[in-house]
Amino acid sequence: MRHKIVAGNWKMHNDSKETKTLIKGVRKSIKKLSLKNTRVIVAPTFVNLTAGLKKAKKSKVEVIAQNMHQAKSGAFTGEVSASMLKSIGIQTVILGHSERRTLFGETDVILAEKVNAALESGLEIIFCFGELLEDRKSENHFTVVENQLKNALFHLEPIAWVNIVLAYEPVWAIGTGETATPEQAQEMHAFIRDVLAKKYNTVVAENTSILYGGSVKPNNAQEIFSKKDVDGGLIGGASLKVEDFTEIIKAI
Ligand code: PGA
């Protein structure tokens, strides 16, 4: 179902104490906001998930994972499976973040396997994708984005899409301070919806939440979120400060 979503991707930041303090701050600051049809999500590191879940209990704050391995179990030192996440109470996982793709070699093939493993375990997915600067410069950004979706997600049946949230994150805008303009975001989000409608149907296209990610800050969030096909944001740097994250939540 299509929701407004503000999700904080905390990456490899915050120790246990900092995680708890940040969640406490967020839950307190959103308490009085009217958040109808709006989800507030934070993604701490694996080791802080349990503490995070505990701190977020009985609040509007959802605690989710940043990644998982595609195998059910086995000799994969340092990895975490979907069922392990489920077993501690995690309901949602981020997959395909550009840092996973570029720094950890996650290909579309691996991501398709991760998508299947997550869905089989009953996890919802926030699926990230987006073009590199050179793709945009060479005007290949639409093709790149369509292929990323096709390769990792288009084997799914329409029904599976109730558990998929998309996060369009142009790589050139992540952590750089350079955002896509609201018009660029809207143009791509409309394109993505169109691709979904053609591949599946208008129900899938209209009911899928599509987030924008890449240098969303308190001073640009409102303009980006005001666009018709932008359902919220995946926020990195600005989600690490309660005040900034709250301002972005207010913007939605
Ligand atoms: P940023 O990160 O907001 O710091 O650009 C976004 C992301 O990596 O999801």
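Structure: above.
Residues numbered from 1 in each chain as written. Predicted model: local features only at pLDDT ≥ 70, side-chain atom pairs only at ≥ 80, totals over all residues. Heavy atoms only, no water.

Q: Before we go on, may I ask you to explain the overall build of the protein chain in this structure?
A: When helices and strands are counted, the protein chain shows 11 helices and eight strands. If one aligns the C-alpha atoms of the protein chain with their principal axes, the spans along those axes are about 45 × 45 × 35 Å. If you take every contact in the protein chain between residues at least 6 apart in sequence, the share linking residues at least 24 apart comes to 71%. When the accessible surface of the protein chain is split by element, carbon and sulfur atoms take 53% of a total near 11,900 Å². For the protein chain, the distance from the average site of its 33 positive side-chain charges to the average site of its 28 negative ones is 11 Å. (Helix = DSSP H or I, 4+ residues; strand = E, 2+ residues; numbered from the N terminus. Contact = heavy atoms within 4.5 Å. Areas by Shrake-Rupley, 256 points an atom, 1.4 Å probe, with all protein chains shown as cover. Lys, Arg positive; Asp, Glu negative; His and termini not counted. Charge placed at Lys NZ, Arg CZ, Asp CG, Glu CD.)

Q: Can you help me understand the sheet that holds strand E7 (residues 210–213) in this one?
A: Hydrogen bonding along the main chain pairs the strands of a sheet, whether they run parallel or antiparallel. Sheet architecture is open: eight strands sit in the order E3-E2-E1-E8-E7-E6-E5-E4, paired in parallel fashion. On the outer flanks of this sheet lie strand E3 (61–63) and strand E4 (92–95), each paired with one strand and no other. Each neighbouring strand pair of the sheet contributes to a mean axis angle of 25°, computed without reference to strand direction. Of the strand pairs in this sheet, strand E5 (residues 124–129) and strand E6 (residues 164–168) are connected by five bridges, and their pairing is parallel. Paired with Phe129 across the two strands is Tyr168, which belongs to E6. Across the sheet, helix H7 (residues 141–153) lies against E5 and E6, angled at about 145° from E5, the strand it touches most. (Pairing = 2+ DSSP bridges. Axes fitted to C-alpha atoms, helices over the stretch in contact; angles between N-to-C directions.)

Q: For this particular structure, what's the right way to read the packing of aromatic side chains?
A: The relation between two aromatic rings is expressed through the spacing of the ring centres and the mutual angle of the planes. Tallied over the full model, the rule gives seven aromatic pairs. Over the aromatic face of Phe104 sits the side chain of Arg100, whose NZ or CZ is 4.1 Å from the ring centroid. (Phe/Tyr/Trp six-rings, centres within 6.5 Å; stacked < 30°, edge-to-face > 60°. Lys NZ or Arg CZ within 6 Å of the ring centre and 35° of its normal.)

Q: Sorry, what's going on with the nonpolar core here?
A: As a rule of thumb, soluble globular proteins bury nonpolar side chains together. By size, the foremost hydrophobic cluster in this structure holds 65 residues, and its most contacted members are Phe127, Leu153, Trp161 and Leu166. Excluding anything up to four places from it in sequence, Trp161 contacts Leu153, Phe154, Leu156, Leu166, Leu196, Tyr200, Val204 and Thr208. Ranked by size, the runner-up nonpolar core spans 12 residues in total, among them Ile64, Ile94, Ile126 and Cys128. (Core = buried A, V, L, I, M, F, W, Y, C linked by side-chain atoms within 4.5 Å. Buried < 20%, exposed > 50% of the residue type's maximum accessible area, 1.4 Å probe, protein only.)

Q: Quick question: what am I supposed to make of empty space enclosed by the protein here?
A: Think of a ball as big as a water molecule: rolled over the atoms, this probe shows where empty space is left. On inspection of all chains with the given rule, the structure shows one cavity of 30 Å³ or more. In this structure, the largest cavity occupies an estimated 40 Å³ of space. Lining the largest cavity we find Gly96, His97, Ser98, Arg101, Cys128, Phe129, Gly130, Gln148, Glu169 and Val171. Residues belonging to the lining of the largest cavity are distributed by class as follows: three nonpolar, five polar and two charged. (1 Å grid on protein atoms, 1.4 Å probe; cavity = no way out; pocket = protein on both sides within 12 Å on 5 of 7 lines; lining within 4 Å. Points joined across faces, edges and corners; volume = space filled by probe spheres on them. Nonpolar A, V, L, I, M, F, W, Y, C, P; charged D, E, K, R; others polar.)

Q: Quick question: what am I supposed to make of a positive patch on the surface here?
A: Side chains of Lys20, Lys24, Lys28, Lys31, Lys32, Lys54, Lys55, Lys57 and Lys58 sit close together on the surface and give a patch of like positive charge. Among the elements of the structure, helix H1 (16–30) and helix H2 (49–56) are those that each provide at least two residues to the positive patch. Examining the composition of the positive patch, we find that three residues originate from one element, H1, more than from any other. Structurally, the position occupied by Lys55 is in helix H2. (Patch = residues over 30% accessible without salt bridge, like charges linked within 9 Å, V, L, I, M, F, W, Y side chains within 5 Å. Salt bridge = Lys/Arg side-chain N within 4 Å of Asp/Glu carboxyl O.)

Q: Teacher, can you tell me more about the pairing of strand E8 (residues 232–235) here?
A: On a regular strand, each side chain points to the face opposite its neighbour's, so the side chains alternate between the two faces of the sheet. Taking every second residue as pointing to the same face, both faces of E8 are buried, with Gly232 and Leu234 on one and Gly233 and Ile235 on the other. Pairing of strand E1 (residues 4–9) with E8, which is carried by four bridges, proceeds in the parallel orientation. Across the sheet, Ile5 pairs through a bridge with Gly232, a residue of E8. One ladder, built from two bridges, connects E7 with E8; its direction is parallel. If you follow Tyr212 over to E8, its bridge partner there is Gly233.

Q: Whenever I open this one, the pairing of E6 confuses me. Can you help?
A: Burial analysis of E6 places five of its five residues in the buried class, which makes it a mostly covered element. Neither face of E6 is left uncovered, since the one carrying Ile164, Leu166 and Tyr168 and the one carrying Val165 and Ala167 both have all their residues buried. Direction of pairing for E6 relative to E7: parallel, over a ladder of three bridges. Following the sheet pairing, Tyr168 is matched in E7 by Tyr212.

Q: How do you make sense of the packing of helix H5 (residues 108–120) against H7 when you look at a structure like this?
A: For any two helices packed against each other, one specifies the inter-axial angle together with the distance between the axes. Here H5 crosses H7 at 50°, and the two axes come no closer than 7 Å. The orientation of H5 relative to H7 falls into the category oblique. In this structure, H5 uses Asp108, Leu111, Ala112 and Val115 to contact H7, whose residues at the interface are Asn147, Gln148, Asn151, Ala152 and Leu153. Its residues assigned to classes, the contact of H5 with H7 comprises five nonpolar, three polar and one charged. (Parallel < 35°, antiparallel > 145°, perpendicular 65-115°, else oblique.)

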